[in-house]
Amino acid sequence: MLRPFSPFNLLIALVGAMCPHQLLIADPTPVKDEQTQTPKQREDLNTYRTIITDVENSAASRRVMAEQLVERDTDEAAQLVVELLAFPPESGTPLAMCEAIASVGTAKPGIPDTRLIDPLMTLLGVQPDELSARAIAALATFRDGTVARKLRDIAAAKNQPLPKRLAALSVLSQNTDRRETAAELVTLLESTDASIAERVFEALRPASRTDFGADVEKWKQWWSQKQAMTEVEWLRDRLELSNQQLKQAVRERDRVAQDAQARDQVYLQLFEESLRRIYVLSPPADKPQSLITWLGHDVVAYRLVALRIVRDDINENHKPSDTVHAAVLNCSTHPSPSVRRLALEVIGYLQDPSDAEPMLQLLKSESVDSIRESILRVLGRLNNVSAVGALIEELKEASGSRVGCVREAARSLGMLATHGHTDKDSLSPAIEPLRQRFAEADPDDLRFRSILLGAMADIGNPAFTPDFVDNLSADPDVLLPAIRGIESVGAKEYLDRVSTHLSHKEARVRQRSVEALGTLGSQESHLNALRSRLDPNIEANEGVREAAWTGFTKLMSHMPAATRLAWVDRLDDLPLERQLQYLNNLIEEWSANPQSSMLPDALRKMVDRLQALGRTEERIKRMQQLRRVYEATNDPRARDTTMDLFESMLTAGLFAQAAELIKETATGWDAATREELLELLLDYIGSESNTPGQSQKHEALIAEFQPLDADLLGNGWFERVKSVTSRAAADAPEGSTQDPAP
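Now for a quick tour of the structure. For clarity, every value in this text was computed on a predicted model and none was experimentally measured.

Focus on the overall build of the protein chain
Stage number 1. Of regular secondary structure, the protein chain possesses 40 helices and zero strands.
Stage number 2. The contacts in the protein chain between residues at least 6 apart in sequence include a share of 62% that link residues at least 24 apart.

Section: empty space enclosed by the protein
Stage number 1. According to the stated counting rule, one finds two cavities of 30 Å³ or more in the structure shown.
Stage number 2. In this structure, the largest cavity spans a volume of roughly 70 Å³.
Stage number 3. Counting residues per element, the ones that place at least two in the lining of the largest cavity are α3 (59–71) and α4 (75–85).
Stage number 4. The class makeup of the residues in the lining of the largest cavity is eight nonpolar, one polar and three charged.
Stage number 5. Taken as a whole, the second largest cavity spans an internal volume of roughly 60 Å³.
Stage number 6. Taken together, Phe 142, Arg 143, Asp 144, Val 147, Ala 148, Leu 151, Val 171, Leu 172, Asn 175, Arg 178 and Thr 181 form the lining of the second largest cavity.
Stage number 7. Looking at the lining of the second largest cavity, the elements with two or more residues in it are α8 (145–156) and α9 (162–173).

Brief notes about the packing of helix α17 (residues 337–350) against helix α19 (residues 369–379)
Stage number 1. Running from N to C, α17 and α19 point in directions that differ by 10°, and their axes come no closer than 9 Å. Taken together, the axes of α17 and α19 are roughly parallel relative to one another. Here Pro 337, Arg 340, Arg 341, Leu 344, Ile 347 and Gly 348 of α17 come into contact with α19, specifically with Ser 370, Ile 371, Ser 374, Ile 375 and Val 378.
Stage number 2. Residues that form the contact of α17 with α19 fall into these classes: six nonpolar, three polar and two charged.

Description of the packing of aromatic side chains
Stage number 1. Per the stated rule, a full pass over the model turns up 11 aromatic pairs.
Stage number 2. Ring plane angle 85° and centroid distance 5.1 Å describe the contact between Phe 212 and Trp 219, whose orientation is recorded as edge-to-face.
Stage number 3. Note on Phe 212: relative accessible area 23%, which makes it partly exposed.
Stage number 4. On the numbers, 6.1 Å between centres and 85° between planes, the contact of Trp 223 with Trp 234 is edge-to-face.

Observations regarding the nonpolar core
Stage number 1. Counting residues in hydrophobic clusters, the biggest one holds 111 residues, and the most contacted among them are Leu 307, Met 359, Leu 379, Leu 434, Phe 552 and Tyr 582.
Stage number 2. Apart from residues lying up to four places away in sequence, Leu 379 is in contact with Ala 356, Met 359, Leu 360, Leu 363, Ala 387, Leu 391, Ser 412 and Leu 416.
Stage number 3. If you look at the next biggest cluster of nonpolar residues, it comprises 62 residues, including Met 97, Leu 120, Phe 142 and Trp 222.

Observations concerning the packing of helix α28 (residues 507–520) against helix α29 (residues 524–532)
Stage number 1. Put simply, α28 and α29 touch, their axes get as near as 10 Å, and they point 145° apart. The chirality of how α28 crosses α29 is left-handed. Note on element contacts: α29 touches α28 through His 526, Ala 529 and Leu 530, opposite Val 514, Leu 517 and Gly 518.
Stage number 2. In terms of residue class, the contact of α28 with α29 is built from four nonpolar, two polar and no charged.

Details of unusual backbone geometry
Stage number 1. A cis amide bond links Gln 127 with the next residue in sequence, Pro 128, at an omega value of 0°.
Stage number 2. Locating Pro 128 in the fold gives a position in the loop between α6 (117–121) and α7 (129–139).
Stage number 3. Backbone geometry at Asn 317 places phi at a positive 65°, although glycine is not the residue there.
Stage number 4. With respect to the helices and strands, Asn 317 occurs in the loop between α15 (300–315) and α16 (322–331).
Stage number 5. At Asn 634, a position not held by glycine, the phi torsion is positive, near 55°.
Stage number 6. Structurally, Asn 634 is set in the loop between α34 (616–632) and α35 (637–651).

The rules behind each value
- Counting restarts for each chain, with residues numbered from 1 along the sequence as it is written.
- Given that this is a predicted model, residues contribute local features only at a pLDDT of at least 70 and side-chain atom pairs are listed and counted only at 80 or more, while totals for whole chains, interfaces and linings are drawn from all residues.
- Note that water and hydrogens are dropped before the side-chain values are worked out from all heavy atoms of the structure.
- Think of it this way: any DSSP run of H or I at least four residues long counts as a helix, any run of E at least two long counts as a strand, and we number them from the N terminus.
- In what follows, residue pairs with any heavy atoms lying within 4.5 Å of each other are defined as contacts.
- With a 1 Å grid laid over protein atoms only, a set of points is called a cavity when a 1.4 Å probe fits there but cannot get out and a pocket when it is open yet has protein on both sides within 12 Å along at least five of seven lines; lining residues have an atom within 4 Å of a point.
- Grid points are joined across faces, edges and corners, and a volume is the space filled by probe spheres set on the points.
- Classification convention: Asp, Glu, Lys, Arg as charged; Ala, Val, Leu, Ile, Met, Phe, Trp, Tyr, Cys, Pro as nonpolar; all other residues, Gly among them, as polar.
- Axes, fitted as lines to C-alpha atoms, cover a helix only where it is in contact. Angles between the N-to-C directions of the axes lie from 0 to 180 degrees.
- Angle categories are assigned with fixed cut-offs, so that under 35 degrees is roughly parallel, over 145 is roughly antiparallel, 65 to 115 is roughly perpendicular, and the rest are oblique.
- Pairing of aromatic rings covers Phe, Tyr and the six-membered ring of Trp, with a centre-to-centre limit of 6.5 Å; geometry is then stacked below 30 degrees between planes, edge-to-face above 60, and tilted otherwise.
- Exposed residues in this analysis have more than 50% of their type's maximum accessible area, buried residues have under 20%, and partly exposed residues fall in between, with area computed by a 1.4 Å probe over protein chains only.
- Here the nonpolar core consists of buried residues drawn from Ala, Val, Leu, Ile, Met, Phe, Trp, Tyr and Cys, with membership extended through side-chain atoms lying within 4.5 Å.
- The handedness criterion is simple: a crossing whose near helix is rotated anticlockwise from the far helix by less than a right angle is left-handed, and one whose near helix is rotated clockwise is right-handed.

Function-wise, these values are silent; they only describe arrangement.
Rendered as structure tokens:
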């Protein structure tokens with residue numbers, strides 16, 4: 001039976017055609033008895049000899065013929081191999097035969113004839129080194145104990161050339177998984193030749209889990225333990241060791257790969273830094289052309305760096321020129337997935353609606369799913385309604401392997417809806433595909449389900465309401481878009497179910513719930529629910545508290561003014577800052593409406609809380625606002641407010657403001673009121689006079705009030721001030737540091 005035809009069979013056929021007496025060699029047939037060799041088989045051996053020894057033939061042709069010869073399990077074939085191994089090394093014939101023996105012996109253990117061992121051993125250590133190396137590889141395929149002993153004898157023979165002895169050890173080192181080989185190596189441990197001993201240690205190291213270095217005794221102890229094993233135990237031990245070494249080799253391979261990758265990254269980083277430096281130093285007029293050149297470069301690294309530069313420029317609000325934009329679009333069709341992916345990212349950053357058409361065309365031809373996902377993601381950012389049809393078609397894609405593409409198509413439909421550039425009617429065809437995809441989605445694929453439901457919430461069509469309601473008890477990843485969906489379709493009837501999540505264990509769910517409640521709520525119970533989330537003792541998460549505050553104030557803005565003011569006192573157990581925030585909102589709103597009757601009460605409450613916080617200057621400003629409100633409505637409380645304000649200014653040391661207040665308000669007051677005002681001033685001076693170091697403060701106060709007209713505070717008010725100051729100085733305790741009166 002003939003072998004399958006091959007280029008090498010063709011070579012033989014050509015030789016036969018040129019030499020009619022030589023025929024195509026048949027598949028070697030194992031024949032042990034030389035007497036049964038036919039003339040045809042003997043002629044085949046001559047053909048082998050001719051092809052293998054002809055230096056004009058290629059090395060590959062000679063090696064293939066040599067392999068076929070080695071595989072012929074006959075005495076004559078073996079004899080021919082022995083003969084060919086003895087050819088001069090420079091002929092290349094021994095090399096071809098050694099390679100053939102190694103190849104056949106590895107693939108088909110037991111096929112190479114044992115009569116080849118001694119001829120191969122004569123090639124150990126010979127020149128060229130390549131021939132010796134091939135002989136070593138060939139001998140390593142003979143794994144019986146006889147070979148090991150012969151190699152041991154060569155290695156131990158001091159009368160043999162050192163290269164040959166070392167080559168023999170090299171053969172032994174390749175079969176240390178065999179007991180016979182290990183045993184022979186151990187006998188060589190005490191060699192007096194340093195180079196031989198070192199090579200023995202090197203050969204034994206892979207055979208042991210522990211490296212005993214050059215400690216001969218420990219190696220002997222190791223072998224003593226291994227020698228006591230049964231054959232099965234030895235094989236099991238070798239298998240475990242091989243597995244351990246394999247794992248170590250894999251780890252080392254991964255480490256080398258990581259190191260190489262890290263070095264590549266360093267080189268790429270240096271390259272990118274250099275290119276960016278060139279770009280930065282280029283004149284502004286030259287920069288677009290540089291980018292265009294790099295974006296069209298044959299080397300991928302140039303394109304990647306240029307795309308990143310364009311992306312960074314966009315982030316810094318530097319829009320690329322039209323020609324650079326076109327070059328980026330061209331990169332989206334580049335053969336390199338890395339270039340295409342980064343180009344698509346840049347196109348998404350540009351958000352140019354006119355890019356939708358080339359992206360839709362690219363979607364039709366792109367076969368790599370990860371790149372298709374990028375295209376679908378970009379279509380959502382381009383704000384172009386023309387993409388809706390293709391995105392819906394992707395939702396209908398029957399292939400279950402494209403979950404990522406469906407996910408990005410759904411996300412992009414949601415983006416188009418939320419950007420406000422797509423009307424509701426154009427998105428209505430997406431309703432059923434989205435619902436169908438959601439119904440078919442793997443319940444354990446929470447990310448996929450979350451994105452589908454999130455797209456429904458973005459579109460906000462009431463047809464999605466059942467899907468939102470059905471998932472109000474789902475896992476948080478799906479629950480969040482379900483709550484948002486309830487909010488987007490305005491399904492107020494389900495707010496009670498949403499409210500149950502205000503105490504959910506995850507803060508993001510609580511926050512989403514208070515946001516929905518703030519948007520859709522309208523009842524007192526909704527206010528109470530949101531108010532509970534404002535209390536730090538109840539809600540520990542600041543983000544939830546802020547969201548609750550936003551919802552609370554939004555909901556409260558629809559309440560009657562009286563209700564809103566009454567709620568001030570219901571916030572008493574919240575931090576004062578939160579109460580001030582609430583009051584400030586009321587005051588700002590009601591200040592815009594002078595007719596609001598609630599403004600004075602709100603200001604009064606604000607003044608009280610500012611006093612509790614010790615924020616005197618803010619309190620004075622609010623008291624001034626309150627006084628103006630009272631005066632504008634002729635409210636009699638203006639007088640008492642003015643007195644409180646004057647006293648507060650004095651206490652705060654705001655003498656200039658206190659003097660301005662007198663000038664602004666005292667004109668037209670009756671004598672009794674002016675006297676009361678003066679008494680406040682005198683009481684303040686008297687109460688402070690015994691305090692050490694007050695002279696400068698008194699001087700500042702008197703300096704502000706001295707220019708006031710007599711009819712504002714009455715005749716002789718300045719003398720009364722001096723009298724109070726002098727009397728206070730006389731009453732000061734002995735040794736006091738009180739400064740003399742002015």
